[in-house]
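In case you want the letters, here they are:
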Amino acid sequence: MKYEYEPVLLKRWLRKPRPPLLKQTVEYSAGKYQSVLERLSDRFAEVANAPVSVFQEWVQQLSRREKLLLPNLYKKELPEETKKAMIESIQRHIQHERRLFRVLVDVMYETCDLDEIWKLLRYAYAAHIEKIEKRMEKERSEKWRRYLLSKDPIVYLATTAYESEKGILDELETFYLTKNFPLFKLVLMEIFQLADESFFLKEQDLYRELFVSSTNEQQQKMANALIKKCKLNHVKPLGRLIFEKLQTYHRKPMLWRYVGEEEKRRFAQWIMRLELKDFFGGVNKNHERFQYWEKFIPKLEDVVVTDERTTLIMYFRDVVIMEVLGTGAVYIYRADVFRRHFQPKIDRMLAERERFANKAWLKVREVKRAELMDRNLTIPGGWLRHNGGWQRKFDEWLRRELGWEVRRNVLLQKETENDEGSFDAE
């Protein structure tokens, strides 16, 4: 006989009507979830500017977990009495809470406070040194001791990271310092002062990332370090980045206040040589017009390329010279005449280039060569053509009319290929 199981009772139970298990539905709440720190911050805002006695009373009623988070509310801009009371409260709590050491590390890195928070951090480490170092390898604990005894923690971190075989990011992580903290940027700025060219070559991505996110003053200091330590042709992408953000000291003098005079000059001449070279022949450094005008680079103050990269404007102290790619004459204007009649158009174009730099869909209105051509405004005879033996004719005119030195060896005697690296390597 064959038996077949059938859940009769279960089927009967499922068929019976029954009331819902939940008598009412759960309403969705759109209210913002607040963490402990957020709630603590909101409550602190109510007492931060109150009499210090109100703040002290508020601190006393905090839970242990809330006291652990209290350092996160510290700001240098707090009223002095409140700040002093907060520091005293944190210091009292340190004796009973080992975890405050780790909290204070993050607070110091976030606020960059090398005074009050640095003192509290050192005190917290000393108060719980055995328990803290129990979790560390011997080498790491020795580093932490040297770090906390150092007179300048930023210099110590920079030097240790730069000399480490691990690499700066891995080394700084042993001190819990990562890229998301403001102090990281200060340490890296210090590393740039220690670094040589090989470091900049190795850490180009990190340099670019920091440069783009930095203030103008920080960018200038980074530019100064790079120009001082490197042959610019070896770090050309970074040099181009500096030019994109800061231009040159001739064009934007206020953006070069924190850069040395020699570094300003070297960078300006380097970028103008690149502009001339790109204009006249790309990778063809033997282009005859590039070779001719290159010798005057020490006298150049600025270079602007316009009209779909067919027209070159070279600014010298006394004159402005307009060259052309391909056929066409050279126009030479007195500097004040060019500024008065043509410079406003150039300035508007350059301003648009800056505004549209990250907006590829917007096209800059280029100043056309025809807008800059007026033989009646040139210096008498300052309309020169590229016919046979033009280099000698140009030299003779520039010497006779402007009093220029035109001998290449004399003009370039202060310039050395070692300054910027060889163009053969490009």
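Residues numbered from 1 in each chain as written. Predicted model: local features only at pLDDT ≥ 70, side-chain atom pairs only at ≥ 80, totals over all residues. Heavy atoms only, no water.

- If you check an unreviewed UniProt entry, the protein appears there as Zorya protein ZorC EH domain-containing protein from Geobacillus jurassicus.

Considering the overall build of the protein
1) Next: On a plain count of helices and strands, the protein comes out with 23 helices and five strands.
2) Next: For the protein, buried positions account for 45% of its 426 residues.
3) Next: Put simply, 61% of the contacts in the protein that link residues at least 6 apart link residues at least 24 apart.
4) Next: For the protein, the exposed surface amounts to about 24800 Å²; the carbon and sulfur share of it is 50%. (Helix = DSSP H or I, 4+ residues; strand = E, 2+ residues; numbered from the N terminus. Buried < 20%, exposed > 50% of the residue type's maximum accessible area, 1.4 Å probe, protein only. Contact = heavy atoms within 4.5 Å. Areas by Shrake-Rupley, 256 points an atom, 1.4 Å probe, with all protein chains shown as cover.)

Overview of the sheet that holds strand E2 (residues 311–316)
1) Next: Here five strands make up an open sheet; going across it, the order is E1-E2-E3-E4-E5 and the pairing antiparallel. Of all strands in the sheet, those bounded by a partner on one side alone are strand E1 (300–306) and strand E5 (383–384).
2) Next: Where strand E4 (residues 330–334) meets E5, two bridges bridge the pair, whose relative direction is antiparallel. Among the inter-strand pairings, Val-330 is bridged to a residue of E5, identified as Leu-384. (Pairing = 2+ DSSP bridges.)

Here we look at the side chain of Lys-264
1) Next: Counting through the fold element by element, Lys-264 comes out in helix H17 (residues 261–281).
2) Next: For Lys-264, a relative accessible area of 11% corresponds to the buried category.
3) Next: At 3.4 Å, the side chain of Lys-264 and the backbone oxygen of Trp-256 are in polar contact.
4) Next: For Lys-264, the contacting residues outside a window of four places in its chain are Tyr-249, Trp-256 and Val-259. (Polar contact = N/O pair within 3.5 Å; in protein donor to acceptor, adjacent residues only side chain to side chain.)

Here we look at the side chain of Asp-302
1) Next: In this structure, Asp-302 sits in strand E1.
2) Next: For Asp-302, a relative accessible area of 12% puts it in the buried group.

Things to note about unusual backbone geometry
1) Next: Even without a glycine there, the phi angle at Tyr-176 is positive, about 65°.
2) Next: With respect to the helices and strands, Tyr-176 occurs in the loop between helix H11 (168–173) and helix H12 (182–194).
3) Next: The backbone of Asp-307 shows a phi angle near 55°, a positive value even though the residue is not glycine.
4) Next: In this fold, Asp-307 is placed in the loop between E1 and E2.

Re the nonpolar core
Generally speaking, nonpolar side chains in soluble globular proteins are found buried as a group.
1) Next: Of all hydrophobic cores here, the largest spans 113 residues; its most connected members are Trp-58, Tyr-109, Trp-144 and Phe-192.
2) Next: Per-element accounting of this core gives the leading share, nine residues, to H17.
3) Next: Every residue in contact with Trp-58, bar those within four places of it in the chain, is listed here: Leu-40, Arg-43, Phe-44, Val-47, Leu-70 and Leu-73.
4) Next: Grouped together as the second largest cluster of nonpolar side chains are 17 residues, Met-322, Phe-338, Leu-350 and Val-367 included. (Core = buried A, V, L, I, M, F, W, Y, C linked by side-chain atoms within 4.5 Å.)

Topic: the pairing of strand E3 (residues 319–324)
1) Next: Across the six residues of E3, six count as buried, placing the element largely inside the fold.
2) Next: Here E2 runs beside E3; their pairing, made up of five bridges, is antiparallel. Residue pairing for E3: Ile-313 is matched across the bridge by Met-322.
3) Next: Connecting E2 to the antiparallel partner E3 that follows it, the hairpin turn spans two residues.
4) Next: Sheet topology places E3 next to E4; four bridges connect them, and they run antiparallel.

Focus: the pairing of E1
1) Next: Of all seven residues making up E1, six are buried, and the element is well covered by its neighbours.
2) Next: Sheet topology note: the E1/E2 ladder contains six bridges and is antiparallel. Note that in E2 the partner of Val-305 across the bridge is Leu-312.
3) Next: Linking E1 back to E2 in an antiparallel pair, the connection comprises four residues, with Asp-307 at a positive phi of about 55°.

Quick word on the environment of Leu-274
1) Next: Following the sequence through the fold, Leu-274 ends up in helix H17.
2) Next: Judged by relative accessible area, Leu-274 falls into the buried class, the value being 1%.
3) Next: With 38 residues separating them in the primary sequence, Leu-274 and Lys-236 have C-alpha atoms 9.8 Å apart.

So, helix H21 (residues 390–402)
1) Next: Compared with an ideal rise of 1.5 Å per residue, which puts 13 residues at 18 Å, H21 spans 17 Å between its outermost C-alpha atoms and is within 8% of the ideal.
2) Next: Turning to H21, its buried residues are Trp-390, Phe-394, Asp-395, Trp-397, Leu-398 and Leu-402.
3) Next: On its buried side, H21 packs onto helix H18 (288–294), E3, E4 and E5.
4) Next: Two residues or fewer after H21 comes Gly-403, characterised by a positive phi angle close to 70°. (Expected span 1.5 Å × (residues − 1).)

Some remarks on the packing of H12 against helix H15 (residues 216–229)
1) Next: Between H12 and H15, whose axes approach to 9 Å, the crossing angle comes to 25°. Classified by the angle between their axes, H12 and H15 sit roughly parallel to one another. Classified by chirality, the crossing of H15 by H12 is left-handed. Where H12 abuts H15, its residues Lys-185, Met-189, Phe-192, Gln-193 and Leu-194 lie against Gln-218, Lys-221, Met-222, Ala-225 and Lys-229.
2) Next: Its residues assigned to classes, the contact of H12 with H15 comprises five nonpolar, two polar and three charged. (Axes fitted to C-alpha atoms, helices over the stretch in contact; angles between N-to-C directions. Parallel < 35°, antiparallel > 145°, perpendicular 65-115°, else oblique. Left-handed = near helix turned anticlockwise from the far one by under 90°. Nonpolar A, V, L, I, M, F, W, Y, C, P; charged D, E, K, R; others polar.)

Quick look at helix H10 (residues 153–163)
1) Next: By the burial criterion, the buried members of H10 are Pro-153, Ile-154, Tyr-156, Leu-157, Ala-158, Thr-160 and Ala-161.
2) Next: Close packing links the buried residues of H10 with helix H7 (116–127), helix H9 (138–149), H11 and H12.
3) Next: By the N-cap criterion, in which a side-chain oxygen at the helix start approaches the backbone nitrogen of a residue two or three places on, H10 is capped by Asp-152, the distance to Ile-154 being 3.1 Å.

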